[in-house]
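Survey of secondary and tertiary structure
What follows is each chain in one-letter form.
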Amino acid sequence: MNNPLKLGIAGLGTVGTGLLHIFQKNSEKINLASGRPIKVAAVSARNRNKDRGLALSHYEWFDDPVKMAEDPSIDVFVELIGGEEGVARSSVEAALNAKKHVVTANKALLAVHGVALSGLAEKNDVALNFEAAIAGGIPVVKTMRESLQGNTITRVYGILNGTCNYILTKMEREGQAYDEALKDAQDAGFAEVDPTFDVGGFDAAHKLSLLTSLAFGTEISFENIYIEGISSISPIDIEVATDLGYRIKLLGVAVQTEDGIEQRVHPTMVPFGSAIAEVNGVTNCVNIEGNFVGDVTLVGAGAGAGPTASSVMADIIDVARGVIFPPFVVPTNQLVAYKRARMRQHEGRYYIRLSVYDRPGAFAAIANRMAEQEISLESIVQRGSEVGQVHQGNQNTPQSSFESPIPVILITHKTCENFIRKALEGIEADGNIASRPQMIRIENL
Ligand code: HSE
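Concerning the site of the ligand
Every residue near the ligand is listed here: Lys107, Asn161, Gly162, Thr163, Asp198, Asp203, Lys207 and Ala303. One of the side-chain N or O atoms of Asp203 is found 3.0 Å from an oxygen atom in the ligand. Within the complex, 81% of the 260 Å² of free accessible area of the ligand lies under protein. Counting residues per element, the ones that place at least two in the shell around the ligand are α6 (162–174) and α9 (202–216). Looking at side-chain class alone, the shell around the ligand contains one nonpolar, three polar and four charged residues.

Looking at the pattern of salt bridges
If the charged atoms of two oppositely charged side chains come close together, the side chains can form a pair. This structure, assessed with the given rule, holds 22 salt bridges. Between Lys207 and Asp203 there is a salt bridge, and its shortest N-O distance comes to 2.6 Å. Note that Lys207 and Asp203 are positioned in helix α9 at a spacing of four residues, about one turn of the helix. You can call Lys207 buried: its relative accessible area is 4%. Judged by its relative accessible area of 8%, Asp203 falls in the buried class. The structure contains a network of salt bridges with shared partners spanning Glu228, Glu417, Arg421 and Arg441.

As for the environment of Leu182
Tracing the sequence through the fold places Leu182 in helix α7 (residues 178–187). Spatially, the C-alpha atoms of Leu182 and Leu7 are 38 Å apart, while their sequence positions differ by 175 residues. Leu182 has contacts with Ile167, Ala191, Pro195 and Val199, leaving out every residue within four places of it along the chain.

Reading the values: the criteria
- Residues numbered from 1 in each chain as written.
- Predicted model: local features only at pLDDT ≥ 70, side-chain atom pairs only at ≥ 80, totals over all residues.
- Heavy atoms only, no water.
- Near = heavy atom within 4 Å.
- Polar contact = N/O pair within 3.5 Å; in protein donor to acceptor, adjacent residues only side chain to side chain.
- Areas by Shrake-Rupley, 256 points an atom, 1.4 Å probe, with all protein chains shown as cover.
- Helix = DSSP H or I, 4+ residues; strand = E, 2+ residues; numbered from the N terminus.
- Nonpolar A, V, L, I, M, F, W, Y, C, P; charged D, E, K, R; others polar.
- Salt bridge = Lys/Arg side-chain N within 4 Å of Asp/Glu carboxyl O.
- Buried < 20%, exposed > 50% of the residue type's maximum accessible area, 1.4 Å probe, protein only.
- Contact = heavy atoms within 4.5 Å.

Listed below in structure tokens is the structure:
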């Protein structure tokens, strides 16, 4: 019988306990697939006495995950603590330095320190596996690291945050306002009490930074991602999108351009019927474009105990089989420096919603600002007065309660983001709008 592979699991929250459940249920099959027994030797968590519905008495307990990471009783350190610094970082570094394989679900840690940790893993000839860090249960890392290596990847994009997708789906299906849908997500356990990380787009950006590196062989560059969250999306945006045949999704997109790599996370209008538009609720989706394979779309659960632990398990089985890849496909010292394509150079169609004071000349001034930037409009939709009456009077009349703002929606033909931003600056300066313009990019994916 081959030697057992001994694990130390740090962090016994949702994913850690999910992993122990997989062992309880499937260990015979897992051992067979691995070619050797896999044993949980030790565990570490913040609170030893918390009721997790599982007996921990068979495992050695460590209060300090760093000590566990260095302990000779383990071969693989499974980091499920989370966070880019603190004990997650120090314990992973300790494990790699002690020549232990590391399996982690920690996207924040890798987004910020991934290149250094990858180098450390290579130096010590051990694995640094992170399937669970991107889109939970979707096997996207393996797909990119292994199955698509015959291709040059041209673009990767996806719905990388289930919380945002749940909120946007609720807003569309139930006509809820953003705050109401967020509250629902929190009540259902899909959103944190402080939801900033998810709804602000940062969680999706962490995942995108890793996808970019896997796709293009570049150093991870989280700080160069353009990020917009979903909190400015209003029911009227959803309604108009529906009327026009689009659904609004928070997308993460990384694309190779002539100027460098564009990495962006923002709400996007995608046409009904496209694969990505049909991914709803907490489900995630990743689409990879390869120059020979074409489009590969992976859809599945992006979070939760079972799906995330399933990915962690796959990484552990690889280690048990002796399969060790460079963490980001190519040796760390051959990852190329990331060159950023400026978001201002982004080209596409745009949805713009303006809250326009109903006064003579206001439309003309807006059209003028668009024309100055040579932006061609595909359609203009006026949704009727938001409140009150239509004001009859002189354009220079000061704003008054008679001037009811009216939602005006412009859809542009393909143009450059720089021109859009300049036009919107001009429109704001003209003083004919009651609030900041809303701008949503349209993608025909
Ligand atoms: N909070 C994430 C989501 C899952 O809502 O998709 C973990 O990254």
